Amino acid sequence: MTKTIKRLLPAALAVLLAGCAMQPVDSTTTRYRVALVAKNNRDSEFWDAVFTGAEAAATEYNLQLTITAPDDEEDYAAQNQLIADAVENGAQAIVFSAIDYEANAAAIDAAAAAGVTVISVDSAVNSDNVAAYIGADNYGAGRMAAQSALDGMEGALCVGLINYEVNGANGRDREQGARDAFCGKRTRQDHCRRVNTSQRRQCPRTRWPCCAPTRRSTC
């Protein structure tokens, strides 16, 4: 995964360049200004790979790159403020990984309305103003995980789905993919339990029919 991210980030910034090249700049501007707004600034192999890829692309394409992130990966409000700050500071493009699929949308729409090109990386946001999304097929990953469970066991299954954050696109899509895969094997599915482990919103353990749609904001 980390090797893939290192390859994808330069590709994302190359797409940004194509859009930025069409935008007028003043006579003092020598480099395109790109803001990477991540989910958190804590040390992790994944985000280290993201930052390394972004810095490599900035060097290759002569970009002025800033990297920011909230202290808490669940703090979508702080992330929205970082987006607004990037626009205020003259960013021509934003590379962005959404904490909250819905709650980050207005900030991204506002950035796009200000003429900023937006690329979504890893975690999507509910906005039609994103120029491109670069990341995994999370729905497909959920289906693959469920199919692996079905292939590795015989008889009826009691399924437990442990999700991190109900409002994040990644977890939501993976869960729905798993549910849909289990639904295709009704004769083997007993029931599903889903628990959300997010500190911001702790959902009670809930017994649902396996084919119930993924719920983003309610339990």
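What counts and what doesn't
Residues numbered from 1 in each chain as written. Predicted model: local features only at pLDDT ≥ 70, side-chain atom pairs only at ≥ 80, totals over all residues. Heavy atoms only, no water. Axes fitted to C-alpha atoms, helices over the stretch in contact; angles between N-to-C directions. Helix = DSSP H or I, 4+ residues; strand = E, 2+ residues; numbered from the N terminus. Parallel < 35°, antiparallel > 145°, perpendicular 65-115°, else oblique. Left-handed = near helix turned anticlockwise from the far one by under 90°. Contact = heavy atoms within 4.5 Å. Nonpolar A, V, L, I, M, F, W, Y, C, P; charged D, E, K, R; others polar. Pairing = 2+ DSSP bridges. Core = buried A, V, L, I, M, F, W, Y, C linked by side-chain atoms within 4.5 Å. Buried < 20%, exposed > 50% of the residue type's maximum accessible area, 1.4 Å probe, protein only.

(A) Quick look at the packing of helix H5 (residues 138-152) against helix H6 (residues 169-183). Two elements in contact, H5 and H6, have axes whose closest approach is 6 Å; the angle formed by their N-to-C orientations is 40 degrees. Classified by the angle their axes make, H5 and H6 are oblique. Crossing handedness for the pair H5 and H6: right-handed. Where H5 abuts H6, its residues Asn138, Tyr139, Gly142, Arg143, Ala146, Ala149 and Leu150 lie against Asn170, Asp173, Arg174, Gln176, Gly177, Ala178, Asp180, Ala181 and Phe182. Of the residues contributing to the contact of H5 with H6, the split by class is 7 nonpolar, 5 polar and 4 charged.

(B) Region of the structure containing the packing of helix H3 (residues 76-88) against helix H4 (residues 105-113). Relative to each other, H3 and H4 sit at 5 degrees, their axes nearing to 9 Å. The pairing of H3 with H4 is recorded here as roughly parallel in orientation. Taken together, the residues of H4 that come into contact with H3 (itself represented by Asn80, Ile83 and Val87) are Ala107, Ile108 and Ala111.

(C) Here's a closer look at the environment of Met144. Relative to the helices and strands, Met144 is located in helix H5. Remark: the alpha-carbon pair of Met144 and Gly177, spanning 33 residues in sequence, is separated by 8.1 Å.

(D) Summary view of the sheet that holds strand S1 (residues 33-37). Pairing is parallel in the open sheet, where 5 strands are placed in the order S2-S1-S3-S4-S5. On the outer flanks of this sheet lie strand S2 (64-68) and strand S5 (132-134), each paired with one strand and no other. Strand-to-strand, the axes of this sheet are offset by a mean angle of 20 degrees, without reference to chain direction. Of the strands in this sheet, S1, S2 and strand S3 (93-96) are in contact with H3, which crosses S3 at around 160 degrees.

(E) The nonpolar core, seen in detail. Counting 17 residues, the largest nonpolar core has Val37, Ile83, Ile94, Phe96, Ile108 and Val125 as the members making the most contacts within it. Contributing elements (two or more residues each) for this core: S1, H3, S3 and H4. Considering every element that reaches this core, the biggest residue donor is H4, with 4 residues. Grouped together as the second largest cluster of nonpolar side chains are 14 residues, Val50, Ala54, Ala93 and Val121 included.

(F) Seen up close, the environment of Arg143. On the secondary structure map, Arg143 appears in helix H5. With 30 residues separating them in the primary sequence, Arg143 and Asp173 have C-alpha atoms 9.7 Å apart. When neighbours within four sequence positions are excluded, Arg143 is seen to be in contact with Gly177, Ala178, Asp180 and Ala181.

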